[in-house]
Amino acid sequence: MNLIKKILIGVIPLAVGTIAALFNKFDLYKNINMPKIAPPSYLFPIVWTILYIFMGIVLVRLVETNKKENIFIFSIQLFLNFIWTFLFFKFKAFLSSFIIIIFLDVFVFYLILRLFNDDRKSAYYLMPYLLWICFASYLNWMVYLLN
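The paragraphs below set out a description of the structure included in this document. (Residues numbered from 1 in each chain as written. Predicted model: local features only at pLDDT ≥ 70, side-chain atom pairs only at ≥ 80, totals over all residues. Heavy atoms only, no water.)

Of the volumes computed, that of the largest pocket is approximately 640 Å³. At the level of elements, α2 (12-22), α3 (28-31), α4 (43-65), α5 (68-90), α6 (94-118) and α7 (120-146) are the ones that each hand at least two residues to the lining of the largest pocket. With six residues, α7 is the single largest residue contributor to the lining of the largest pocket. Taken together, the residues of the lining of the largest pocket break down into 20 nonpolar, seven polar and two charged. (1 Å grid on protein atoms, 1.4 Å probe; cavity = no way out; pocket = protein on both sides within 12 Å on 5 of 7 lines; lining within 4 Å. Points joined across faces, edges and corners; volume = space filled by probe spheres on them. Helix = DSSP H or I, 4+ residues; strand = E, 2+ residues; numbered from the N terminus. Nonpolar A, V, L, I, M, F, W, Y, C, P; charged D, E, K, R; others polar.)

Take Q77: it is sitting in helix α5. Given the relative accessible area of 1%, Q77 is considered buried. Those residues in contact with Q77, other than ones at most four positions away along the chain, are M55, L104, F107, V108 and Y129. (Buried < 20%, exposed > 50% of the residue type's maximum accessible area, 1.4 Å probe, protein only. Contact = heavy atoms within 4.5 Å.)

Listed below in structure tokens is the structure:
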């Protein structure tokens, strides 16, 4: 695969995250009750940019190996990630978004397990993402309870 194709594939997760960010108002974060351990709002775009870059690296590697089931699982988790943003920030559907993020946790965990056998480096790239979305799941649940 040539470099241009790798770059185009690699920016897909970042583009999805950017589109979700453009259509949502993140000022909600400042206007709802949050648990005491919630990070400051300025941290989220930094962390998510790094995670989307890691996801882009993984997507390139998945396309290179052409394991269609892994690409499909990756696509589902990316779609769930996209949907979660709208449910949580735009629609303030905290319980629905919590259910979606639990599915997201499961799909990312399953993908990591699959990749651990096929492409351990990709599995490692996804581990910070899994940790972050598990923390986000906790935050989402607490937002549901506190609001």
